[in-house]
Amino acid sequence: MRSNNIRLNCGITIPILGFGTYSYENDRQTTEQAIQTALQMGYRHFDTAKIYGSEEAVGNALGEAIESGVIGREDIFVTSKLWGSDHHDPVSALKQTLMKLGMEYVDMYLVHWPVKLKPWACSAVPDEQDFDELDLEGTWAGMERCLEMGLCRAIGVSNFSSTKIQQLLQFASVPPAVNQVEMHPMWRQRKLRQICGENRIHVSAYSPLGAPGSFWGSPDVVNNPIIKSIAIKHRATPAQVALRWGLSKGTSAIVKSFNYERMKENMGALDLRLDDNDMLAIERMVERKIMRGDFLVNQTTSPYKSIQDLWDDEI
Ligand code: NAP
């Protein structure tokens, strides 16, 4: 039987299919219910962040399941992320996250973006005056301190281009275990995957379906005729094909659905196998960087402006 976990450079394992908890509505009850259902379906990796406002819901739902003996803490994998306004003090930020989660540690703590904001900036789309000069070395030293203190089992980054990864590796005592980035059949991250692979950094794909139905995303991945034809061939769904494509590339995926049928459907990607022709057909598809390309670049005050190099990475 194939394992649904991947071993990271720091020795711990990460489940290959993660459950995203960012929803625009941010309804705590809906999020908690979805997490409880996800646990029953077999999801074991839960992805949250301070800026999502979902840490309390994740903590409540998982805490209840642990308390009632449904699952052990050691059987689940929890990821949270350091927001830009906390770069000056990752240890305090993670302690606050742990308080919201009601946990003693997270399994993975990620630098959410290579963007530093003033300590008071708490919006996902900050104002121009909220930006501070990035001090990656200082931020990473704080992340390493979190690890030393046992507040997390592993540290990593998110939305780091291959250039930023190489910069970080110049001074990191502990290399990042993960780089979580947007990746799907229409933004395949070839160069980034190669650089990360050479440095034993695991790539985790967010928005693996291209975030259909979200205002920041697009249905272009699940509606793509090539993805659809591969799905028909395997009696699968386009979402399952998109997810399995990423898993076949050795990445893990963080997919969000709070809908029972779609949560189940997404889990079904673990049973799908794509052949060489399917992989080649996807490789030949025209790329389009959905989320960051359209929605974010057009926002002049967005933190994403300063990570232009991520979507400028050669593909
Ligand atoms: P996604 O998982 O690709 O797409 C989610 C959207 O697709 C939701 O609107 C969902 O609606 C719908 N959906 C889910 N399964 C589907 C299916 N089988 N068929 C058709 N539609 C389906 O994108 P995402 O939400 O942007 O990313 C997932 C997670 O990654 C987030 O929740 C978050 O945890 C993480 N993330 C991280 C970053 C970062 O900067 N590190 C950025 C973005 C996201 P329903 O809920 O109604 O099913």
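Everything discussed here concerns the structure shown above.
Just so it is clear, the structure is predicted and the values come from calculations on it, not from any experiment.

Q: How do you make sense of the site of the ligand when you look at a structure like this?
A: Taken together, 31 residues lie near the ligand, and Asp47, Ser207, Lys256, Ser257 and Arg262 sit nearest. Contacts to the ligand include His112, whose side-chain N or O atom sits 3.3 Å from an oxygen atom. Take Gln180: an N or O atom from its side chain is 2.9 Å from a nitrogen atom of the ligand. Surface burial for the ligand is 89%, taken as the share of its 900 Å² of free accessible area covered by protein chains.

Q: Please clarify how a negative patch on the surface should be interpreted in this entry.
A: Judged by side-chain charge, Asp132, Glu133, Asp135 and Glu137 come together as a negatively charged surface patch. When you line up the elements, Glu137 lands in helix H4 (residues 136-148).

Q: Where do I start with the packing of aromatic side chains in this structure?
A: Describing an aromatic ring pair means giving the distance of the ring centres and the angle of the ring planes. Scanning the entire structure with this criterion turns up four aromatic pairs. Ring centres 6.0 Å apart and planes at 20° place the aromatic pair Phe19 and Phe258 in the stacked group. Of this pair, Phe19 sits in strand E3 (residues 17-20) while Phe258 sits in the loop between strand E12 (252-255) and helix H9 (260-267), and the two are 239 residues apart along the sequence. Using a relative accessible area of 1% as the deciding quantity, one classes Phe19 as buried. Ring-pair connections join several aromatic residues into one group, and the members of that group are Phe19, Tyr43, Phe46 and Phe258. The residue whose ring lies beneath Lys256 is Phe258, and the NZ or CZ to ring-centre distance is 4.5 Å.

Cut-off values and rules
Per-chain numbering applies: the sequence of each chain, read as written, is numbered from 1 onward. Totals for whole chains, interfaces and linings use all residues, but because this is a predicted model, local features are given only for residues with pLDDT of at least 70 and pairs of side-chain atoms are given and counted only at 80 or more. Excluding hydrogens and water, the side-chain values take into account all heavy atoms of the structure. By convention in this text, a residue qualifies as near a molecule or strand provided that one of its non-hydrogen atoms is within 4 Å of it. Identification of polar contacts relies on pairs of N or O atoms within 3.5 Å, with a donor-acceptor requirement for protein atoms, meaning one able to donate a hydrogen and the other able to accept it, and with residues adjacent in sequence counted only if both atoms are side-chain atoms. Areas reported as accessible are Shrake-Rupley estimates using a 1.4 Å probe. Residue values count occlusion only from the protein chains shown. Each patch is built from salt-bridge-free residues with over 30% relative accessible area, joining like charges within 9 Å and nonpolar side chains (Val, Leu, Ile, Met, Phe, Trp, Tyr) within 5 Å. Basic side-chain nitrogens of Lys or Arg form a salt bridge, by our definition, when they fall within 4 Å of a carboxyl oxygen of Asp or Glu. In this count, Lys and Arg are taken as positive residues and Asp and Glu as negative ones, while His and the chain termini are left out. Taken as the charge centre is NZ of Lys, CZ of Arg, CG of Asp or CD of Glu, depending on the residue. Under the scheme used here, helices are H or I runs from DSSP no shorter than 4 residues and strands are E runs no shorter than 2 residues, and both carry numbers assigned from the N terminus. Any two of the Phe, Tyr and Trp rings considered here, Trp counted by its six-membered ring, make a pair once their centres fall within 6.5 Å; the pair's planes then place it as stacked at under 30 degrees, edge-to-face at over 60, or tilted in between. Burial here depends on accessible area, computed with a 1.4 Å probe over protein chains only, as a share of the maximum for the residue type. Under 20% is buried, over 50% is exposed, and the range in between is partly exposed. Counting as a charge over the ring demands two things of the Lys NZ or Arg CZ atom: a distance within 6 Å of the ring centre and an angle within 35 degrees of the ring normal.

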